[in-house]
Amino acid sequence: MIPNNFEYVRAGSVQEAVSLLSQHGEDAKLLAGGHSLIPAMKFRLSAPSTLIDVSGISEFSGIKKNGDRLEIGAFVTHRTVEFSDEVKNSCGVLAEAASQIGDPLVRNRGTLGGSLAHADPAADYPALVLALAAEIHVSGKSGSRSIAADDFFTGLFETALSDGEIITKVSFPVLDKGVGAAYEKFPHPASRFAVVGVAVMLTIAGGKCSAARVAVTGAAATAFRATDVETALTGNSPDESTISDATAKVADSNDLLSDLFASANYRAHLCSVLAKRALLRAAERAR
Ligand SMILES: Cc1cc2nc3c(=O)[nH]c(=O)nc-3n(C[C@H](O)[C@H](O)[C@H](O)COP(=O)(O)OP(=O)(O)OC[C@H]3O[C@@H](n4cnc5c(N)ncnc54)[C@H](O)[C@@H]3O)c2cc1C
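Overview of the structure. Quantities reported herein were computed from a predicted structural model and do not represent experimental measurements.

**Remarks on the overall build of the chain**
Right, on to step 1. Looking only at helices and strands, the chain has 11 helices and 14 strands in total.
Right, on to step 2. Expected size for 287 residues packed as a compact globule is a radius of gyration near 19 Å; at 19 Å, the chain falls within 12% of this value.
Right, on to step 3. For the chain, the spread of C-alpha atoms along the principal axes amounts to about 60 × 45 × 35 Å.
Right, on to step 4. Looking at the chain as a whole, 49% of its 287 residues qualify as buried.
Right, on to step 5. Within the chain, counting contacts between residues at least 6 apart in sequence, those at least 24 apart form 61% of the total.
Right, on to step 6. Looking at the chain as shown, the accessible area adds up to about 13100 Å², and 50% of this sits on carbon and sulfur atoms.
Right, on to step 7. Each charge class in the chain was averaged separately, 27 positive and 32 negative side chains, and the resulting centres sit 5 Å apart.

**A word on the state of the cysteines**
Right, on to step 1. Scanning all chains against the criterion turns up 0 disulfides.
Right, on to step 2. With no disulfide partner, Cys 91 has as its closest neighbouring cysteine sulfur the one in Cys 209, 17 Å distant.
Right, on to step 3. Cys 91 gets classed as buried once you look at its relative accessible area, which sits at 0%.

**Things to note about the site of the ligand**
Right, on to step 1. Surrounding the ligand, one finds 30 residues, the nearest of these being Leu 30, Leu 37, Thr 111, Asp 124 and Arg 192.
Right, on to step 2. Measuring from an oxygen atom of the ligand, one finds a backbone N or O atom of Arg 192 at 2.7 Å.
Right, on to step 3. Ranked by residues supplied to the shell around the ligand, first place goes to helix H6 (residues 112-118) with 4 residues.
Right, on to step 4. Class assignment of the residues belonging to the shell around the ligand gives a composition of 13 nonpolar, 12 polar and 5 charged.

**Some words on the side chain of Thr 159**
Right, on to step 1. With respect to the secondary-structure elements, Thr 159 resides in strand E9 (residues 158-159).
Right, on to step 2. Of the polar contacts made by the side chain of Thr 159, one reaches the backbone nitrogen of Leu 161; its length is 3.2 Å.
Right, on to step 3. Not counting the four nearest positions on each side in its chain, Thr 159 is found in contact with Leu 116, Ala 117, Ala 119, Phe 152 and Thr 154.

**So, the sheet that holds strand E6 (residues 135-140)**
Right, on to step 1. Judged by pairing direction, the sheet is antiparallel, and its 5 strands sit side by side in the order E4-E5-E10-E6-E7 without closing on themselves. Two strands bound the open sheet, and with one partner strand each, they are strand E4 (63-66) and strand E7 (143-148). When strand polarity is set aside, the average angle formed by the axes of neighbouring strands in this sheet is 25°.
Right, on to step 2. By the bridge criterion, 6 bridges tie E6 to E7 in an arrangement that is antiparallel. Residue Glu 135 lies in a different strand from E7, and its bridge partner there is Ala 148.
Right, on to step 3. Set on the sheet, helix H1 (residues 14-24) makes contact with E6 and strand E10 (166-173); between it and E10 the angle comes to about 135°.

**Describing the packing of aromatic side chains**
Two aromatic rings, taken as a pair, are described by how far apart their centres are and by the angle between their planes.
Right, on to step 1. If you walk through the whole model with that rule in mind, you get 2 aromatic pairs.
Right, on to step 2. Ring geometry for Phe 152 versus Phe 153: centroids 5.1 Å apart, planes at 90°, classification edge-to-face.
Right, on to step 3. The exposure class of Phe 152 is buried, given its relative accessible area of 0%.
Right, on to step 4. Here Phe 186 and Tyr 266 contribute two aromatic rings whose centre-to-centre distance is 6.1 Å and whose plane-to-plane angle is 90°, an arrangement assigned as edge-to-face.

**Brief notes about the sheet that holds strand E2 (residues 28-31)**
Right, on to step 1. What the 3 strands build is an open sheet, ordered E1-E3-E2; its pairing is parallel. In the strand order of this sheet, the two ends are held by strand E1 (7-10) and E2, each with one partner. Strand-to-strand, the axes of this sheet are offset by a mean angle of 25°, without reference to chain direction.
Right, on to step 2. Examined bridge by bridge, E2 and strand E3 (residues 50-53) share 4 bridges and lie parallel to one another. Opposite Lys 29, over in E3, you have Leu 51 as the bridge partner.

**Remarks on the pattern of salt bridges**
Right, on to step 1. According to the stated counting rule, one finds 15 salt bridges in the structure shown.
Right, on to step 2. As a salt-bridge pair, Glu 82 and Arg 107 come within 3.1 Å of each other at their nearest N and O atoms. Remark: Arg 107 occurs in helix H5 (residues 104-109) and Glu 82 occurs in helix H3 (residues 78-83); sequence separation between them is 25 residues.
Right, on to step 3. Assessed through its relative accessible area of 13%, Arg 107 is described here as buried.
Right, on to step 4. One salt bridge in this structure joins Asp 259 and Arg 267, with 3.1 Å as the shortest N-O distance.
Right, on to step 5. Several salt bridges share partner residues, and in doing so they unite Glu 96, Glu 184, Arg 281 and Arg 285 into one network.

**Overview of the environment of Glu 240**
Right, on to step 1. Along the polypeptide, Glu 240 turns up in helix H10 (residues 240-246).
Right, on to step 2. Excluding its chain neighbours within four sequence positions, the residues that come into contact with Glu 240 are Lys 276 and Leu 280.
Right, on to step 3. Of note is the side chain of Glu 240, whose polar atom sits 3.3 Å from the side chain of Lys 276.

So, how was this worked out
Residues numbered from 1 in each chain as written. Predicted model: local features only at pLDDT ≥ 70, side-chain atom pairs only at ≥ 80, totals over all residues. Heavy atoms only, no water. Helix = DSSP H or I, 4+ residues; strand = E, 2+ residues; numbered from the N terminus. Rg over C-alpha atoms; globule rule 2.2 N^0.38 Å. Buried < 20%, exposed > 50% of the residue type's maximum accessible area, 1.4 Å probe, protein only. Contact = heavy atoms within 4.5 Å. Areas by Shrake-Rupley, 256 points an atom, 1.4 Å probe, with all protein chains shown as cover. Lys, Arg positive; Asp, Glu negative; His and termini not counted. Charge placed at Lys NZ, Arg CZ, Asp CG, Glu CD. Disulfide = S-S within 2.5 Å. Near = heavy atom within 4 Å. Polar contact = N/O pair within 3.5 Å; in protein donor to acceptor, adjacent residues only side chain to side chain. Nonpolar A, V, L, I, M, F, W, Y, C, P; charged D, E, K, R; others polar. Pairing = 2+ DSSP bridges. Axes fitted to C-alpha atoms, helices over the stretch in contact; angles between N-to-C directions. Phe/Tyr/Trp six-rings, centres within 6.5 Å; stacked < 30°, edge-to-face > 60°. Salt bridge = Lys/Arg side-chain N within 4 Å of Asp/Glu carboxyl O.

In structure tokens:
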């Protein structure tokens, strides 16, 4: 439970962190809240030669509404998201989800950027960014770019981030009238990680669902969208029977994880139950 030796440096800005990453090479890692990286280092699953601490960087540690988008800095902690009035008023489902992450210690230290970069298959935010069609903004030595959430998670603990790139902020839609979102999670009783979590965003116009996004975390190697459910809902009235039919099969158990906590069949069942609950709540909120 003792990590390998490493060097520690503190970055004062994103630009400095980018140049420290390039200076220290591929064995260097960013340290944000440390609530995924430090446990991995203690188990010697990760052995960076240098830690570049980005937790004190003040740029990108705030939350602000920018037109019809809500921008959350990468270094914002889960606790800040949980209690932010701006988040509650603009995209309340994020505050609800953040309140279900781990325990108070984890929420006080863990950050939005750290969670997305780590891409744990059982983390909560991956389902949220997919369902909400978030844009993930990054900076690196070749400049800045934004990555659509749909393109961000590429595999187990793998993302579309290139070497040396840092997540700076994430932009979410402000949920207007007619749009409802919800997150339902079956937490592991010890860690609170999602055995399965389902996030949804529904747009309702004239009593019919004009757009639906349904995303699942915890169930497979990476979070994914349940596109068959989305198609079944679009153009139809989001009533209980339509939602029940659409969520009868959210995922094929052949594609799901099976472990000590839950078999693939049980995870498939949870996907259906949680998707139905989340969609019913989102439909209520959109009305
Ligand atoms: C007991 C326990 C319970 C937990 N329960 C949950 C849970 O229920 N749900 C959940 O979602 N998570 C849970 N977590 C994980 C927690 O949310 C982590 O804090 C989070 O996943 C990582 O964020 P961090 O800021 O701590 O990142 P760190 O651990 O500091 O970093 C994680 C990885 O991301 C990289 N990184 C960090 N910031 C950036 C950035 N801005 N740009 C690019 N790369 C970056 C680091 O180099 C590292 O590789 C739990 C953790 C623990 C220890």
